[in-house]
Amino acid sequence: MRTYVKDIHKIATRVALSVAIAATGWAAAPQAIAQEVAAPAATVDEARIFAEDGNYDDAIATLRRVVAESPKNTQAQMFLGELLWNSGRDDEALSTYRALQKGNREATLRLAEIALSRLETDESRDLLAAYRASLKRGRKVLAEDESGDLESRIDRAEGMLDRVQNIEVIDSVDVDAEDFFAAYPMSPAAGRFSDAGVLPASFPSDDATVVHITESGNRMVWSAPDAEGAHRLYGSAALLGDEWEKPRQLGDNLAEGGDAVYPYLMPDGITLYYSNDGDNSLGGYDIYMSRQGDDGFLQPVNMGLPFNSSANDYLLVIDEFTGAGWFATDRNRHPGKVTIYTFIPQEMRRNVDVDNPNLASLARLDNIALTQQQGKDYTPVRRAIARGVAINDRTPRKQDFLFPISGNRVYTSLNDFHNPRARQLMSEYLKKQQKFKSITDRLAALRLDYGRGEASQAELIRELEKQLPAARAELRTMRDDIVTLEVN
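Residues numbered from 1 in each chain as written. Predicted model: local features only at pLDDT ≥ 70, side-chain atom pairs only at ≥ 80, totals over all residues. Heavy atoms only, no water.

## A look at the overall build of the protein
Turning to step 1, where the next piece is worked out: Within the protein one finds 13 helices and 18 strands.
Turning to step 2, where the next piece is worked out: Every one of the 488 residues in the protein was classed for burial, and the buried ones make up 47%.
Turning to step 3, where the next piece is worked out: Partitioning the contacts of the protein with sequence separation of at least 6, the portion at a separation of at least 24 is 55%.
Turning to step 4, where the next piece is worked out: Here the protein displays about 24200 Å² of accessible surface, and carbon together with sulfur accounts for 49% of that area. (Helix = DSSP H or I, 4+ residues; strand = E, 2+ residues; numbered from the N terminus. Buried < 20%, exposed > 50% of the residue type's maximum accessible area, 1.4 Å probe, protein only. Contact = heavy atoms within 4.5 Å. Areas by Shrake-Rupley, 256 points an atom, 1.4 Å probe, with all protein chains shown as cover.)

## Focus on the environment of Met220
Turning to step 1, where the next piece is worked out: Position of Met220 among the secondary structure elements: in strand β6 (residues 219-225).
Turning to step 2, where the next piece is worked out: Residues contacting Met220, with those up to four places away along its chain left out, are Leu199, Pro200, Phe203, Val211, His212, Ile213, Tyr234, Gly235, Ser236 and Trp244.

## Points about the pattern of salt bridges
Turning to step 1, where the next piece is worked out: Per the stated rule, a full pass over the model turns up 24 salt bridges.
Turning to step 2, where the next piece is worked out: Note that Asp366 is salt-bridged to Arg364, the shortest N-O span being 2.7 Å.
Turning to step 3, where the next piece is worked out: The residue Arg447 makes a salt bridge to Glu465 at a minimum N-O spacing of 2.8 Å. Taken together, the residues Arg447 in helix α12 (residues 420-451) and Glu465 in helix α13 (residues 458-487) connect sequence positions 18 residues apart.
Turning to step 4, where the next piece is worked out: Residues joined by salt bridges that share partners form a network here, namely Glu113, Asp149 and Arg153. (Salt bridge = Lys/Arg side-chain N within 4 Å of Asp/Glu carboxyl O.)

## Let's talk about the confidence of the model for the protein
Turning to step 1, where the next piece is worked out: In the predicted model, the protein carries a mean pLDDT of 86, and 88% of its residues have values of at least 70.
Turning to step 2, where the next piece is worked out: Here helix α2 (residues 30-36) stands out as the element of the protein with the lowest mean pLDDT, 40, in contrast to helix α7 (residues 105-117), whose mean of 98 is the highest.
Turning to step 3, where the next piece is worked out: Here residues 9-41 scores under 50 on pLDDT; set against residues more than four positions off or in separate chains, the count is 43 contacts. (pLDDT = per-residue confidence, 0-100.)

## So, the packing of helix α4 (residues 56-69) against helix α5 (residues 74-86)
Turning to step 1, where the next piece is worked out: Running from N to C, α4 and α5 cross one another at 150°; their axes reach a closest spacing of 9 Å. Here α4 is positioned roughly antiparallel relative to α5, judged by the angle of their axes. Considering only the axes of α4 and α5, their crossing is left-handed. In this structure, α4 uses Tyr56, Ala59, Ile60, Leu63, Arg64, Val66 and Val67 to contact α5, whose residues at the interface are Ala76, Gln77, Phe79, Leu80, Leu83, Leu84 and Asn86.
Turning to step 2, where the next piece is worked out: Taken together, the residues that form the contact of α4 with α5 break down as 11 nonpolar, two polar and one charged. (Axes fitted to C-alpha atoms, helices over the stretch in contact; angles between N-to-C directions. Parallel < 35°, antiparallel > 145°, perpendicular 65-115°, else oblique. Left-handed = near helix turned anticlockwise from the far one by under 90°. Nonpolar A, V, L, I, M, F, W, Y, C, P; charged D, E, K, R; others polar.)

## Some remarks on the side chain of Ser147
Turning to step 1, where the next piece is worked out: Considering the arrangement of structural elements, one finds Ser147 in the loop between β2 (140-141) and α9 (150-161).
Turning to step 2, where the next piece is worked out: Ser147 gets classed as buried once you look at its relative accessible area, which sits at 4%.
Turning to step 3, where the next piece is worked out: A polar contact is formed between the side chain of Ser147 and the side chain of Asp145, at a distance of 2.6 Å.
Turning to step 4, where the next piece is worked out: Excluding residues that lie within four positions of it along the chain, Ser147 makes contacts with Leu109, Leu128, Tyr131 and Arg132. (Polar contact = N/O pair within 3.5 Å; in protein donor to acceptor, adjacent residues only side chain to side chain.)

## Here we look at the packing of α7 against α9
Turning to step 1, where the next piece is worked out: Axis separation between α7 and α9 bottoms out at 11 Å; the angle between their running directions is 20°. In terms of their interaxial angle, α7 and α9 are classed as roughly parallel. Our pair here, α7 against α9, has a crossing hand that is left-handed. Facing α7, whose interface residues are Leu109, Ala112, Glu113 and Leu116, α9 presents Leu150, Arg153, Ile154 and Ala157.

## A few points about the packing of aromatic side chains
Turning to step 1, where the next piece is worked out: For the structure on display, the rule yields 19 aromatic pairs.
Turning to step 2, where the next piece is worked out: Ring centres 5.3 Å apart and planes at 25° place the aromatic pair Tyr262 and Tyr314 in the stacked group. Linking Tyr262 in strand β9 (residues 260-265) with Tyr314 in strand β14 (residues 313-319), this pair joins segments that are 52 residues apart in sequence. Considered together, Tyr262 and Tyr314 belong to a single accessibility category, that of buried residues.
Turning to step 3, where the next piece is worked out: Their ring planes at 50° and their centres at 6.4 Å tell us that Phe403 and Phe417 sit as a pair that is tilted. In this pair, Phe403 is assigned in strand β17 (residues 403-404) and Phe417 in the loop between β18 (410-411) and α12, connecting sequence segments 14 residues apart. Here the two residues Phe403 and Phe417 agree in accessibility, since each one is buried.
Turning to step 4, where the next piece is worked out: Cluster of aromatic residues (ring-pair linked, three or more members): Phe180, Phe181, Tyr184, Phe193, Tyr262, Tyr314 and Trp326.
Turning to step 5, where the next piece is worked out: One cation-aromatic arrangement involves Arg333 over Trp85; the distance from NZ or CZ to the ring centre is 3.7 Å. (Phe/Tyr/Trp six-rings, centres within 6.5 Å; stacked < 30°, edge-to-face > 60°. Lys NZ or Arg CZ within 6 Å of the ring centre and 35° of its normal.)

## With respect to the sheet that holds strand β16 (residues 337-344)
Turning to step 1, where the next piece is worked out: The antiparallel open sheet is built from four strands, whose spatial order is β3-β16-β15-β14. The outermost strands of the open sheet, each flanked by one partner alone, are β3 (168-176) and β14. Here the average twist between neighbouring strands, direction ignored, is 20°.
Turning to step 2, where the next piece is worked out: Alignment of strand β15 (residues 324-329) against β16, held across five bridges, turns out to be antiparallel. Looking across to β16, one finds that Trp326 is bridged to Thr342.
Turning to step 3, where the next piece is worked out: The strands that helix α11 (residues 379-387) touches are β3, β15 and β16; relative to β15, the one it contacts most, it runs at about 75°. (Pairing = 2+ DSSP bridges.)

## Here we look at the nonpolar core
Turning to step 1, where the next piece is worked out: Grouped together as the largest cluster of nonpolar side chains are 44 residues, with contacts concentrated most on Leu63, Leu83, Leu150, Leu161, Val164 and Leu305.
Turning to step 2, where the next piece is worked out: Put simply, the parts of the chain that give this core at least two residues each are α3 (41-52), α4, α5, α6 (90-101), α7, α8 (121-133), α9 and α10 (359-364).
Turning to step 3, where the next piece is worked out: When residues no more than four places from it in sequence are discounted, the contact partners of Leu150 are Leu109, Ala112, Glu113, Leu116, Ser124 and Leu128. (Core = buried A, V, L, I, M, F, W, Y, C linked by side-chain atoms within 4.5 Å.)

## Describing the sheet that holds strand β7 (residues 231-237)
Turning to step 1, where the next piece is worked out: If you walk across this open sheet you meet the five strands as β4-β5-β6-β7-β8, and the pairing is antiparallel. Each having just a single partner strand, β4 (192-195) and β8 (248-249) make up the two edges of the open sheet.
Turning to step 2, where the next piece is worked out: When β7 meets β8, the two strands line up antiparallel, connected through two bridges. Within the sheet, the bridge partner assigned to Tyr234 lies in β8 and is Gln249.

Structural data, given as structure tokens:
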């Protein structure tokens, strides 16, 4: 199955090469380079080809020979530093960049980026300031500022460090990026993934599309490019027979100015997890959560640390049946691989104490053992995952409804409510919700008849459509009142 991961890694390779080639002047001044280091130029080209093919070891070895023969070839050293970093050889990469730092603004900027990736925000900010200072001499501008949105991402990281979620990670595994879905041991209750072949021919898709289909098989969500080429999230519900309703975009607000990919819809049909690289990303793709409202999916929330990083993080899945969750990331920079973390989802969010000396380490997931509760037995969850059974071998409780309260809490019965007034209001809400559903179901049937030529239904359709805004607003108000009564 070809997935977006392949495209993500292509992008990462292009970024690495552009930092080392375009930013350092190889493309801009080939003649000057040829004059300075004529002999090694061919081997630098060989290194570039090796890197583009994903053969980092040979590329690094080639560049080491170039640097040994021409110690002043800063372009080759920048390229070497980038390849070392992108293959997870952190100490060697940092040593290479630091040796270049004096008098080389590109190396300083790259060190600022690396400091941010390690959540060393003070150092990143200092390095960014040093880089920007090097762009001017007095009033004279020596070079353009290439730092992009680095400063805002530093600010974002500082804010996230104040609320690092205290999750329990019980396993991690590196798998091939090309087929990483095979390492998600989801139970049938969590649904399944398929490629674009499951979509009707008229539906928007491309050869990288991955479709999530719910357990019932009557709803699916996926990502595909729109008319402008930006990836958006789409959804469709099953009709009678093998027909599917016309696909609809789940909301432009979900992309936040970037590409939205890898959606996963919880069994409640309300909670959506996905990734995008938009304006509020820490870097690359970040994992977001949104919930279905009466008028579509609500404004998404960045899942923050440790789910996200300055690398690409995607496809968060929560399997309530087994009591486990997973997400994928390339933050560990193992070429051709992604890391999949297995964690224990929380009903109530808990944050790491900001004074915890391991705060940054927990946010980076340097050592998953640090995230686990001392003495806690995770065997039941591991057994449930391995056997595909319910956690603690219990049959899941019957769900009368699904009603999100706060955080990850979702009530499924009137007995879940502690506040008597909230329980009573919820009972009234369910009746009005059923009435609202009856109207929308009838409308759907009438519109289908109208589409088949039953023009006589037009007036009734208009009459029912007029009832929807007030009914929807009433439900929204009641829902807010219920949550307020129960939480406060």
